[in-house]
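A structural walkthrough
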Amino acid sequence: MELRYTDAELAFREALRDWLAETLPTVPPAPDRDDWTGRRAYDSAWQRRLFDAGYAGVDWPAEHGGLGASPTEQLIFLEECARMRAPGVGAGFVGLLHAGPTLIAAGTQEQRARHLRGILRGEEVWCQGFSEPDAGSDLASLRTSAIRDGDSYVINGRKLWTSYCQVADYCELLVRTDPHAPPHHGISWLILPMDTPGVLVRPLRNAVGNDEFAELVLDEVRVPAENLVGAENNGWRVAMVTFSFERGTAFIADVLESRHLLEEIARIARDSPGPRGETLWADPGLRRDVGRLTAEVSGLWSLILKNVSEASAGAVPEQGASVFKLRFTENRQRIGDLAAHVLGRAALSVSELPGLDNARIVVDRLTTLAYTIAAGTSQIQKNILAERALGLPKEPRWTSR
């Protein structure tokens, strides 16, 4: 499947290519993954370059500081940045892809004026406070409470897997404002300033030794009522807006990276000795696996183009987003398994070994193990498709006695 690009879209691609070719050689090396101060500064500096060049918030409406580009131009932007290995959104991920678009869709004029330009300029970093120790995939069972007290909400509870929490200025926070309402109807979406008294950040170290995630402990935290986004107890609907952005575009650059990984796996296999003196690439089973995974990546790219075409026509590709998220995350994990097979013992090391470029591949494999959980588990995506696409009965809701 191919998109038919307009003259304006082709001109957009050429201008972007020229700007990236001129700008990327001047970008300094990325800091160490454990240097959070350096990472925030690096990511914010790149975001400011995008803003000054007119490429910040490509798909944001122009009246809110973005470029007001079409879904196709947004796809072109992501494709060219990935092709030329430009820096990613990094610490700006939540603000640019979740919180900002959510404020555009559901926030007040004052909230938009206060936050949107800072996000686009790289001056505001956000984190996401949704999951809890006992409410991950079943997000509607969250327990963090927010009790209205005059002009404030008093918040108590814990959040888990809070990305970029250590360097965030604000948190998009889901809280329970009505403990007696049905699970999906007693939730509210709040803007939490991270320097508020009572906010405690506890870093969590992951499998690659990185503390990208953290536990967020909230003890008698007071947040102004004006920080409520949407209506009180209507936060589930606002959260669905957030999820639609998260699942719609969050993995596009990763599909392009999948192509690079498969090419790298094939290169390593051609250069690595096999058990009988020939190279690993002589194994027909290995070549078949590379071919099949490459075909799946091509199919995923076609699905992206289909979703973009629907979005350009004004439709919301909700089912296509779930199909894409389900199939891509499982494909990426199989790519990781294949990489481990080709690397052999080198797949056990996150340190670089001579001539292999193994560290990046190993870190990618360990990181993408979480892809079938993040942004809605595979089981959740299957339920969405079964109920909304196929019209099957809803899954029984079991309650404990």
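A brief look at the structure comes next. On a predicted model such as this, the values are computed, not experimentally measured, just so you know.

Section: the overall build of the chain
Helix and strand counts for the chain come out as 11 helices and 8 strands. Taking 401 residues into account, the globule formula puts the C-alpha radius of gyration at 21 Å, and the chain, at 22 Å, falls close to it. In terms of overall dimensions, the chain has a C-alpha envelope of 75 × 55 × 45 Å along the principal axes. Taking all 401 residues of the chain together, 51% fall into the buried category. In the structure as shown, the chain presents an accessible area of about 19,600 Å², 54% of it carried by carbon and sulfur atoms. The chain carries 44 positive and 54 negative side-chain charges, and their two centres are separated by 5 Å.

Details of the packing of aromatic side chains
Ring pairs (aromatic) are described by centroid distance and by the angle formed between their planes. The tally for this structure, following the rule as stated, stands at 9 aromatic pairs. Taking 6.0 Å as the distance between ring centres and 70 degrees as the angle between the ring planes, the aromatic pair formed by Phe-12 and Tyr-55 counts as edge-to-face. With Phe-12 in helix α1 (residues 7-23) and Tyr-55 in the loop between α2 (36-53) and α3 (71-83), this residue pair connects regions lying 43 residues apart in the sequence. Residue classification places Phe-12 among the buried positions, given a relative accessible area of 11%. Exposure remark for Tyr-55: the relative accessible area of 9% places this residue in the buried category. Here Trp-161 and Phe-213 contribute two aromatic rings whose centre-to-centre distance is 6.0 Å and whose plane-to-plane angle is 85 degrees, an arrangement assigned as edge-to-face. With a gap of 52 residues between them, Trp-161 in the loop between β3 (152-159) and β4 (170-176) and Phe-213 in strand β7 (residues 213-224) connect regions that are remote in the sequence.

Some words on the nonpolar core
By size, the foremost hydrophobic cluster in this structure holds 80 residues, and its most contacted members are Phe-77, Trp-126 and Trp-189. For this core, the leading source of residues is helix α8 (residues 284-312), giving 10 residues. Among the nonpolar cores identified, the runner-up in size contains 25 residues, and Tyr-153, Ala-168, Val-199 and Ala-214 belong to it.

A short note on unusual backbone geometry
Of note in this structure, Arg-85 is not a glycine but carries a positive phi near 55 degrees. Mapped onto the fold, Arg-85 is located in the loop between α3 and α4 (93-106). On the accessibility criterion, Arg-85 (46% relative accessible area) is partly exposed. Positive phi outside glycine occurs at Tyr-164, with the angle close to 60 degrees.

Focus: the pairing of strand β2 (residues 145-149)
Remark: a regular strand shows side chains that alternate across the two faces of the sheet. As defined by bridge partners, β2 adjoins β3 across 5 bridges and the pair is classed as antiparallel. The partner of Ile-147 across the bridge, within β3, is Val-154. Turn length for the β2-β3 hairpin, with the two strands adjacent in sequence and antiparallel, is 2 residues, and the turn residue Gly-150 shows positive phi of about 65 degrees.

Points about the packing of α4 against helix α5 (residues 109-120)
Where α4 contacts α5, the axes come no closer than 10 Å and their chain directions differ by 155 degrees. If you check the angle between α4 and α5, you find them roughly antiparallel. Helix-helix and strand crossings are classified by hand; for α4 and α5 the assignment is left-handed. Two secondary-structure elements touch here, α4 through Gly-95, Leu-96, Gly-100, Leu-103, Ile-104 and Ala-105 and α5 through Gln-111, Arg-112, His-115, Leu-116, Ile-119 and Leu-120.

Some details on the side chain of Ser-378
In this structure, Ser-378 sits in helix α11 (residues 378-389). In this structure Ser-378 comes out as buried when scored by relative accessible area, which is 6%. Every residue in contact with Ser-378, bar those within four places of it in the chain, is listed here: Leu-326, Thr-329, Glu-330 and Thr-372.

Some points on α2
The end-to-end C-alpha distance of α2, which contains 18 residues, comes to 26 Å, matching closely the 26 Å that a straight helix rising 1.5 Å per residue would cover. Gly-54 sits one or two residues past α2 and shows a positive phi near 90 degrees.

Things to note about the environment of Ser-298
Structurally, Ser-298 is set in helix α8. The exposure class of Ser-298 is partly exposed, given its relative accessible area of 40%. When the C-alpha positions of Ser-298 and Leu-256 are compared, they lie 9.7 Å apart, and in sequence the two are 42 residues distant.

Here's the deal with the pattern of salt bridges
Inspection of every chain in the model, using the stated rule, returns 24 salt bridges. Two residues, Arg-13 and Glu-79, come together in a salt bridge whose shortest N-O distance is 3.5 Å. Pair noted here: Arg-13 is in helix α1 and Glu-79 is in helix α3, with a separation of 66 residues, a long-range link. The exposure class of Arg-13 is buried, given its relative accessible area of 10%. Overlapping salt bridges, with partners in common, bring together Arg-13, Glu-14, Arg-17, Glu-79, Glu-80 and Arg-83 in one network.

Remarks on the packing of α1 against α2
Two quantities define a packed helix pair, namely the angle between the helix axes and the distance between the axes. Direction vectors running N to C along α1 and α2 enclose 135 degrees, while the axes themselves pass 12 Å from each other. Taken together, α1 and α2 sit at an angle that is classed as oblique. Remark: the crossing between α1 and α2 carries right-handed chirality. Here α1 contributes Trp-19, Leu-20 and Thr-23 to the contact with α2, which in turn contributes Trp-46, Arg-49, Leu-50 and Ala-53. When the residues that make up the contact of α1 with α2 are grouped by side-chain class, the tally is 5 nonpolar, 1 polar and 1 charged.

Each value, and the rule that gives it
- Residues numbered from 1 in each chain as written.
- Predicted model: local features only at pLDDT ≥ 70, side-chain atom pairs only at ≥ 80, totals over all residues.
- Heavy atoms only, no water.
- Helix = DSSP H or I, 4+ residues; strand = E, 2+ residues; numbered from the N terminus.
- Rg over C-alpha atoms; globule rule 2.2 N^0.38 Å.
- Buried < 20%, exposed > 50% of the residue type's maximum accessible area, 1.4 Å probe, protein only.
- Areas by Shrake-Rupley, 256 points an atom, 1.4 Å probe, with all protein chains shown as cover.
- Lys, Arg positive; Asp, Glu negative; His and termini not counted.
- Charge placed at Lys NZ, Arg CZ, Asp CG, Glu CD.
- Phe/Tyr/Trp six-rings, centres within 6.5 Å; stacked < 30°, edge-to-face > 60°.
- Core = buried A, V, L, I, M, F, W, Y, C linked by side-chain atoms within 4.5 Å.
- Pairing = 2+ DSSP bridges.
- Axes fitted to C-alpha atoms, helices over the stretch in contact; angles between N-to-C directions.
- Parallel < 35°, antiparallel > 145°, perpendicular 65-115°, else oblique.
- Left-handed = near helix turned anticlockwise from the far one by under 90°.
- Contact = heavy atoms within 4.5 Å.
- Expected span 1.5 Å × (residues − 1).
- Salt bridge = Lys/Arg side-chain N within 4 Å of Asp/Glu carboxyl O.
- Nonpolar A, V, L, I, M, F, W, Y, C, P; charged D, E, K, R; others polar.

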